[in-house]
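A structural walkthrough
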Amino acid sequence: MTMTGSAIFFDGKTSARHDVTVELAPKTLRVRAPDGAVLAEWGYDELEALSAPDDVLRVGKFGNPVLARLEVRDAKLAAAIDELSEPVDRSGRSERQMRRRIVLWTVAAAAALVIVAVVGLPAIATRLAPLVPYPLERRLGEVVDAQVRSSLDTGQLGSDFECGSRAGEEAGRAAFDKLMRQLEATAGLPYPLRPAVVRTPVPNAVALPGGRIYVYQGLIDKAERPDELAGVIAHEIGHVAHRDGTRAIVQSAGLSLLLGMLLGDFVGGGAVVLAGTTILKDSYTREVESAADLYGVILMDKIGGDARALGTFLQRLDGRTHPGMRILLDHPETKERVLKINAAAGSGPTRPLIDSAEWTALKRICSGG
C-alpha cells in the first residue's frame, strides 16, 4: 500500500510555494499537484537531506541542477521517507549500522588475534626455533642472561652471586665441574654449556638459550645424592638441546626481538625484560617437559648414572612435604612424570658419578664466608 501525505514543494524555478501530495511508491517518491499532475519523481537513493528546523524534513534530489526541494512537516510521512532513503537518515540509522559493523569487525579482529596467539604463534615459534642460527641463539642467551641474573640476584651480590667463587668453596666447585663434564661430554651439544650454581634458596634449575644453566643452591640443598642433582641438570640440558627457551621467547616476545638482534638493535629494554621474564616464569607444556625428562633419562643412562634418580627427587619434593616447591609449579603432574621416567630408564648397572668426598664438598659449594 502506497503511503501519502501533505507537504510543501518549491520547484526551484520560482519562489512560489506549492501545496502538494507526496506518494511513497516502492522505489520512488512522487510529488503531485492538487490536480494530480506529477511535479517531481525522485528515487530514494537520489535524495539528500537539506538544512531545516528540527520539526521539518527538507529534501532535494542530489545533483539536481534545479534547486527544487520538498518540505515535510507530517511526522509520520517524514519518518517513512527517512526509513526508505538511506542518504536522508535523520534518525541516525546509518550511523547505528556503521557502529554495529565496527563492533562486529572489532570482535572478529579480536577473535582472530586470539586464534593467532593461541594457535598460530606457538606453531610459528615451534617451526622457527630450530632455524635460529646457533651464534644468534648464543647472543640471545647473553642478552637474556643479564636480565635473568638481575632478577635472581636480589641481594645484589654481583660476582659473589655464583657459588664456588669464595674461599672454602673451591672443592665444591671442582666436584660440580666434574659432574658437569660427564653430562656435557656425553650430550655433545654444538656449543659448550655454561653452568653455574647461584645463591638462590629455591630448589630449582633453569636453562637459557645458548647453553647457560643456572642450578639454584636450594636444589643442591635438597638433593640427597649426586644422581638426583645430575638428573635435574640432565633434564635442563634437554631443554637446551631442544631449544625450548628460544621457542618460548619467540612465542612470548615475538619476532621483533630476533629481528632486532639481526639488525644490531634489541628493540628497546622492554623486549629484553619480557624475554627474561619468559624464561623464569614460562610454563612448558606436558609434551615439552616429557621430552626433556626423556632426554635426561637417556643422558643419565649413557653416563652410567641412576636414571630413576630424577623421579625419586621429584617425588620427594612433591607438595605433600614441600608445598610450593618451584621445580613442581610449572611441570606436569609429578606422579605421571615419575611413572614415565621409570618406564624409560634402563636396567643396567650404574657407577658413582662422583665419590662421597666430592659429594660432601659439592653440598657445601655455597658455604664460603
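The notes below deal with the structure included here.

Criteria and cut-off values
- Residues numbered from 1 in each chain as written.
- Predicted model: local features only at pLDDT ≥ 70, side-chain atom pairs only at ≥ 80, totals over all residues.
- Heavy atoms only, no water.
- Helix = DSSP H or I, 4+ residues; strand = E, 2+ residues; numbered from the N terminus.
- Buried < 20%, exposed > 50% of the residue type's maximum accessible area, 1.4 Å probe, protein only.
- Contact = heavy atoms within 4.5 Å.
- Areas by Shrake-Rupley, 256 points an atom, 1.4 Å probe, with all protein chains shown as cover.
- Pairing = 2+ DSSP bridges.
- Axes fitted to C-alpha atoms, helices over the stretch in contact; angles between N-to-C directions.
- Parallel < 35°, antiparallel > 145°, perpendicular 65-115°, else oblique.
- Salt bridge = Lys/Arg side-chain N within 4 Å of Asp/Glu carboxyl O.
- Disulfide = S-S within 2.5 Å.

Along the protein, the regular secondary structure elements total 14 helices and ten strands. Per-residue burial for the protein yields a buried fraction of 46% across its 369 residues. Put simply, 61% of the contacts in the protein that link residues at least 6 apart link residues at least 24 apart. Accessible surface, the protein: about 18700 Å² in total, of which carbon and sulfur atoms supply 57%.

The next thing to look at is the pairing of strand β6 (residues 57-61). Where a strand is regular, its side chains alternate between the two sheet faces. Along β6, four of the five residues are buried, which leaves the element largely enclosed by surrounding structure. As paired strands, strand β5 (residues 47-50) and β6 are joined by four bridges and run antiparallel to one another. Bridge assignment links E48 to a residue of β6, and that residue is G60. Here β5 folds back onto β6, and the loop between the two strands holds six residues. In this sheet, strand β7 (residues 69-72) lies alongside β6 in antiparallel orientation, the contact comprising three bridges. Following the sheet pairing, R58 is matched in β7 by E71.

A word on the packing of helix α6 (residues 226-242) against helix α11 (residues 309-316). At a closest axis distance of 8 Å, the pairing of α6 and α11 adopts a crossing angle of 100 degrees. The orientation of α6 relative to α11 falls into the category roughly perpendicular. Contact residues: D227, E228, G231, V232 and H235 in α6; A309, L310, T312, F313 and R316 in α11.

A full pass over the atoms with the stated rule returns 18 salt bridges. Between K340 and E336 there is a salt bridge whose closest N-O contact spans 3.3 Å. Placement of both K340 and E336 in helix α13 (residues 334-344) is noted, with a separation of four residues, approximately one turn of the helix. Several salt bridges converge on common partners, so that one network encompasses E23, R30, R32 and E41.

Time to look at the sheet that holds β5. Picture the strands of a sheet paired through backbone hydrogen bonds; they go either parallel or antiparallel. What the seven strands build is an open sheet, ordered β4-β3-β2-β1-β7-β6-β5; its pairing is antiparallel. Among the strands making up the open sheet, the edge pair consists of β4 (38-43) and β5. Pairs of neighbouring strands in the sheet enclose a mean axial angle of 35 degrees, with direction left out of account. Two elements, strand β3 (residues 28-32) and β4, share five bridges in a ladder whose sense is antiparallel. By the bridge assignment, R32 is partnered in β4 with V38.

Now for the environment of A52. If you trace the backbone, A52 turns up in the loop between β5 and β6. Its relative accessible area of 28% is what places A52 among the partly exposed residues.

The next thing to look at is the state of the cysteines. For the structure on display, the rule yields one disulfide. Residue pairing for C163: its cysteine sulfur links by disulfide to C366, the two sulfurs lying 2.0 Å apart. Handedness here is read from the sign of the S-S torsion; for C163 and C366, about 100 degrees, the answer is right-handed. On the criterion of sequence distance, the pair formed by C163 in the loop between α3 (134-152) and α4 (170-187) and C366 in the segment after α14 (356-363) is long-range, its members being 203 residues apart. C366 matches C163 in its accessibility class, with the two residues each being buried.

Right, let's get into unusual backbone geometry. Despite not being glycine, R243 has its phi angle at roughly 60 degrees, a positive value. Taking the relative accessible area as the measure of exposure, R243 reaches 7% and is therefore buried.

A few words now on the sheet that holds strand β10 (residues 212-216). Taken together, three strands build an open sheet; the order of strands is β8-β10-β9 and the sheet is mixed. At either margin of the open sheet sits one strand with a lone partner, and together these are β8 (194-198) and β9 (205-207). Direction aside, the axes of adjacent strands within the sheet are offset by 15 degrees on average. Here α3 sits on the sheet in contact with β8 and β10, set at roughly 20 degrees to β10. Against the sheet, α4 engages β8 and β10, with an angle of about 140 degrees to β8.

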